[in-house]
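In case you want the letters, here they are:
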Amino acid sequence: MTTRRLVLTRSAAVIGAASTGLLLPEIARSQSNKIRVGFMLPYTGTFAALGINIEAGFRMALDEQGGKLGGRDVEFFKVDDESDPPKGVENANKLVQRDKVDVLVGTVHSGVQMGIHRVARESGVLNLIPNAGVHAATRAMCAPNVFRTSFSNSQPTMALGKPMMDKGLKKAVWITWKYAAGDEAFEGFKESYTKAGGTIVKELGLPFPNVEFQALLTEIAALRPDAVACFFAGGGAPKFMRDYAAAGLKGRIPLYGSGFLTEGVLEAAGPAADGVMTTLHYSDSLDTKRNQDFRRKFAITNKLQPDVYAVQGYDSGLLLAQAMTAVKGDFANKKALYGAMEGATIDSPRGKWTMSKSHNPIQDMYLRVAEKGENKVLGIAAKQLADSGAGCRMG
Ligand code: PHB
């Protein structure tokens, strides 16, 4: 067959396919009435359990709306971001360009979030952040189409300094993974602890997701501070608490942390977690009907225990569902949709919260102590705490 004949044959085949409807799915998709939701979350690695609970929480919120958003059906897409920052832009584009999602729900890791952020700002696609606390997303680089339903990295630790000083713990060592989440959690700790009169005697760190804590724990033992404060999360957190106990520090030097330290990991940490004090915008033991109902339903539906990540995913779903109801499913009316999100009050299992001008939750921070597999609430460490939103200019 000559090249020309081959081309003609192929064209005829394409026309034939179109006329018989074989190419229609492509056309139908672009005119579909469905809202396309893409999850970009970690499903493997240190933060895998976090991604799984976020997605389960989000889906639960939609299930409560009969699986619809403002009366429209929903179609889901998924990408495993592996908490790998260099692949952030490419992975976000798989959802935005390839799958043409209307909403990108992601992610957990602050470094990966910056990749999503670039794509969200360039494409204008709505991005709901169900965890990553990176400051830039709701401060200097805030954007009209980016909303966070979780926290800013310094929010939990802004509530940590005072309770430590109230216990007379005047000299502390800080330890974390050295990346945006750890560094920005330190900013909050430094501000609250030094303001309350404390002194930070040493800042220690190791690269994410390294869990070789031994040398650093030896250094802490030699420094003999009054307390240790930290940021660790996911698979690294129970390992840190177990190593801390094994190094003989538990019971001698009180351990404090941004509350992620004891989220979703108490079983894995075992007795090593008992007595660890943390501050966070949620606690499993919050004694409200809203929280207990949520926990029961989540556990039954997913055969998983809910934690702060499940709540944050759920709240992303609530936020979108409420706004879509407000605009009666008219997703194209971005002004009204984003206006509804900005004005929303979310009746969350964590307690009610509202959206700040820079699109970050204004919320209570609880002081908790880990006890026998539970984060027991000791009180509210900071009431309706807002992030500064420094440098945010919308529009
Ligand atoms: C983050 O990278 O922003 C991050 C990751 C896990 C957490 C909290 C923050 O639990």
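Quick note: structure is the one above.
What follows is about the pattern of salt bridges. For the coordinates displayed, the defined rule picks out 21 salt bridges. In this structure, Asp73 and Lys68 form a salt bridge, with 2.9 Å as the shortest nitrogen-oxygen distance. Exposure remark for Asp73: the relative accessible area of 37% places this residue in the partly exposed category. For Lys68, a relative accessible area of 34% puts it in the partly exposed group. Connected via shared salt-bridge partners are Glu55, Arg59 and Lys78.

If you walk across this open sheet you meet the five strands as β2-β1-β3-β4-β5, and the pairing is parallel. The sheet is open, and its two borders are formed by β2 (74-80) and β5 (146-148), each paired with just one other strand. Within the sheet, the average angular offset between the axes of one strand and its neighbour, ignoring direction, is 20 degrees. As paired strands, strand β3 (residues 103-105) and strand β4 (residues 126-129) are joined by three bridges and run parallel to one another.

A few words now on helix α9 (residues 214-223). Taken residue by residue, α9 has Leu216, Leu217 and Ile220 as its buried positions. Along the axis of α9, the buried positions cluster into a sector of 100 degrees, meaning they face one direction only. In α9, the exposed positions angled more than 90 degrees off the buried face are occupied by Ala215, Thr218 and Ala222. The elements touched by buried residues of α9 are β6 (171-177), β7 (199-206), β8 (227-231) and α10 (236-246). Looking one or two residues past α9, Arg224 carries a phi angle of roughly 45 degrees, positive in sign.

Taken together, 15 residues lie around the ligand, and Val108, Ser110, Gly133, Tyr179 and Tyr309 are the ones closest in. Backbone polar atom of Val108 to an oxygen atom of the ligand: 3.4 Å apart, as the coordinates give it. One of the side-chain nitrogen or oxygen atoms of Tyr179 is found 2.6 Å away from an oxygen atom of the ligand. In isolation the ligand exposes 280 Å². Once the protein is present, 100% of that is buried. Its residues assigned to classes, the shell around the ligand shows 10 nonpolar, five polar and no charged.

Remember that side chains alternate between the two faces of the sheet whenever the strand is regular. Residues Ile346 and Ser348 line the buried face of strand β11 (residues 345-348), whereas the alternating positions Thr345 and Asp347 sit on a face that is not buried. The antiparallel hairpin formed by β11 and strand β12 (residues 351-355) contains two residues in its connecting segment.

Bringing the environment of Gly45 into the picture now. Residue position: Gly45 is located in the loop between β1 (35-41) and α3 (48-63). When the C-alpha atoms of Gly45 and Asp84 are compared, they prove to be 9.5 Å apart, with 39 residues separating the residues in sequence.

Attention now goes to helix α8 (residues 180-195). Here α8 contains 16 residues, and its C-alpha end-to-end distance of 22 Å stays within 8% of the 22 Å for a straight helix at 1.5 Å per residue. Taken together, the buried positions of α8 are Ala181, Gly182, Glu184, Ala185, Phe186, Gly188, Phe189, Ser192 and Tyr193. At its buried positions, α8 is contacted by α5 (110-123), α6 (155-158), α7 (161-166), β6, β7 and β8. Gly197 lies just past α8 and shows a positive phi near 105 degrees.

Before going further, it helps to examine the side chain of Ser348. Position of Ser348 relative to the elements: it lies in strand β11. Overall, the relative accessible area of 2% leaves Ser348 in the buried class. Of note is the side chain of Ser348, whose polar atom sits 2.9 Å from the backbone nitrogen of Arg350. Setting aside its immediate chain neighbours within four residues, Ser348 contacts Arg290, Val311, Asp315 and Trp353.

Another aspect to go through is the pairing of β4. What you see with β4 is no split at all: Leu126 and Leu128 on one side and Asn127 and Ile129 on the other are buried throughout. Pairing of β4 with β5 involves three bridges; the strand directions are parallel. By the bridge assignment for β5, Asn127 is matched with Val146.

Conventions and cut-offs
- Residues numbered from 1 in each chain as written.
- Predicted model: local features only at pLDDT ≥ 70, side-chain atom pairs only at ≥ 80, totals over all residues.
- Heavy atoms only, no water.
- Salt bridge = Lys/Arg side-chain N within 4 Å of Asp/Glu carboxyl O.
- Buried < 20%, exposed > 50% of the residue type's maximum accessible area, 1.4 Å probe, protein only.
- Pairing = 2+ DSSP bridges.
- Helix = DSSP H or I, 4+ residues; strand = E, 2+ residues; numbered from the N terminus.
- Axes fitted to C-alpha atoms, helices over the stretch in contact; angles between N-to-C directions.
- Arc of directions from axis to C-beta.
- Contact = heavy atoms within 4.5 Å.
- Near = heavy atom within 4 Å.
- Polar contact = N/O pair within 3.5 Å; in protein donor to acceptor, adjacent residues only side chain to side chain.
- Areas by Shrake-Rupley, 256 points an atom, 1.4 Å probe, with all protein chains shown as cover.
- Nonpolar A, V, L, I, M, F, W, Y, C, P; charged D, E, K, R; others polar.
- Expected span 1.5 Å × (residues − 1).

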